[in-house]
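# Report on the structure
Listed below are the residues making up each chain.
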Amino acid sequence: MNEFLKKQYQFTDYQIAQLQYVWKTLASEISKLLIMGIIFNDRLGIYAVAVTIMVLLRTATGGLHCRKYISCFLVSFSYMFLSIRILPLIPVNKVFQLILLFICMLCNYYVGPVTSTVHAPLGDGLVKRVKLQAFLIIFFFITVTYIIPENPYITAGFWVIILHTLQLVAARILKKGDPYERKICEVE
């Protein structure tokens, strides 16, 4: 395949390595989502909403990233398990939810984005765009939470935003630490 890409499309070794990285990353992420989808098959709709909110926020503001597939899967699974099964058991009234979501909206705006040390620095324009993206996603969710009566989808989304904000703050704190320190999880 590599030789075909080199001959047919004049790809460099670097470009082929980039393509391999993209395919490996996509396969890894899709497999994790599918495995968790099977695990949460009894709450597939809630899982889909939770994953959608998580992906929208993580693509905007980044966060913690684990180096190994299994640790990444376990962290992602824990995140989803907490959001879908455990934390919804804690009753939080709507007013307090709205206050916490507002705080999360501000935190995501001021703390994010947090990228890994191996990621190229983001330009000022892109930083402003992703900050606004996260702000608008959470603002939209606040509006939906205010309008729609409490239900399992809103509750799971609420906890996803709370957990995302907590891990984003943790990622910001870790990034200020020693960049050469060996960690299981690092900032993405």
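Summarised in this report is the structure supplied together with it. (Residues numbered from 1 in each chain as written. Predicted model: local features only at pLDDT ≥ 70, side-chain atom pairs only at ≥ 80, totals over all residues. Heavy atoms only, no water.)

## Focus on the nonpolar core
- Formed by 35 residues in total, the largest nonpolar core has its most connected members in Met-80 and Ile-161.
- For this core, the secondary-structure elements that each account for two or more residues are α3 (44–61), α4 (69–86), α5 (94–111), α6 (124–147) and α7 (152–175).
- If we skip the residues at most four places from it in the chain, Ile-161 touches Ile-53, Leu-57, Leu-101, Cys-104, Ile-138 and Phe-141. (Core = buried A, V, L, I, M, F, W, Y, C linked by side-chain atoms within 4.5 Å. Buried < 20%, exposed > 50% of the residue type's maximum accessible area, 1.4 Å probe, protein only. Helix = DSSP H or I, 4+ residues; strand = E, 2+ residues; numbered from the N terminus. Contact = heavy atoms within 4.5 Å.)

## A few points about the packing of α3 against α4
- Packing of α3 against α4 leaves a shortest axis separation of 10 Å and a crossing angle of 125°. One way to sum up the angle between α3 and α4 is to call them oblique. In the crossing of α3 with α4, the sense of the turn from one axis to the other is right-handed. Two secondary-structure elements touch here, α3 through Ile-46, Tyr-47, Ala-50, Val-51 and Met-54 and α4 through Tyr-79, Met-80 and Ile-84. (Axes fitted to C-alpha atoms, helices over the stretch in contact; angles between N-to-C directions. Parallel < 35°, antiparallel > 145°, perpendicular 65-115°, else oblique. Left-handed = near helix turned anticlockwise from the far one by under 90°.)

## Comments concerning α5
- Over its 18 residues, α5 extends 25 Å from the first C-alpha to the last, a length consistent with the 26 Å expected when each residue adds 1.5 Å.
- At its buried positions, α5 is contacted by α3, α6 and α7.
- With a side-chain oxygen positioned 3.1 Å from the backbone nitrogen of Val-95, the residue opening α5 is Asn-93. (Expected span 1.5 Å × (residues − 1). Polar contact = N/O pair within 3.5 Å; in protein donor to acceptor, adjacent residues only side chain to side chain.)

## Quick word on the pattern of salt bridges
- For the structure on display, the rule yields two salt bridges.
- The shortest N-O distance in the salt bridge between Lys-32 and Glu-29 comes to 2.9 Å. Of the two residues, Lys-32 and Glu-29 both sit in helix α2 (residues 13–39), three residues apart, roughly one turn of that helix.
- For Glu-29, a relative accessible area of 36% translates into the label partly exposed.
- Notably, a salt bridge pairs Arg-85 with Asp-42, separated by 2.6 Å at the nearest N-O pair. With Arg-85 in helix α4 and Asp-42 in the loop between α2 and α3, the pair connects residues that are 43 residues apart, well separated along the chain. (Salt bridge = Lys/Arg side-chain N within 4 Å of Asp/Glu carboxyl O.)

As far as function goes, none of this settles anything; it's purely spatial.
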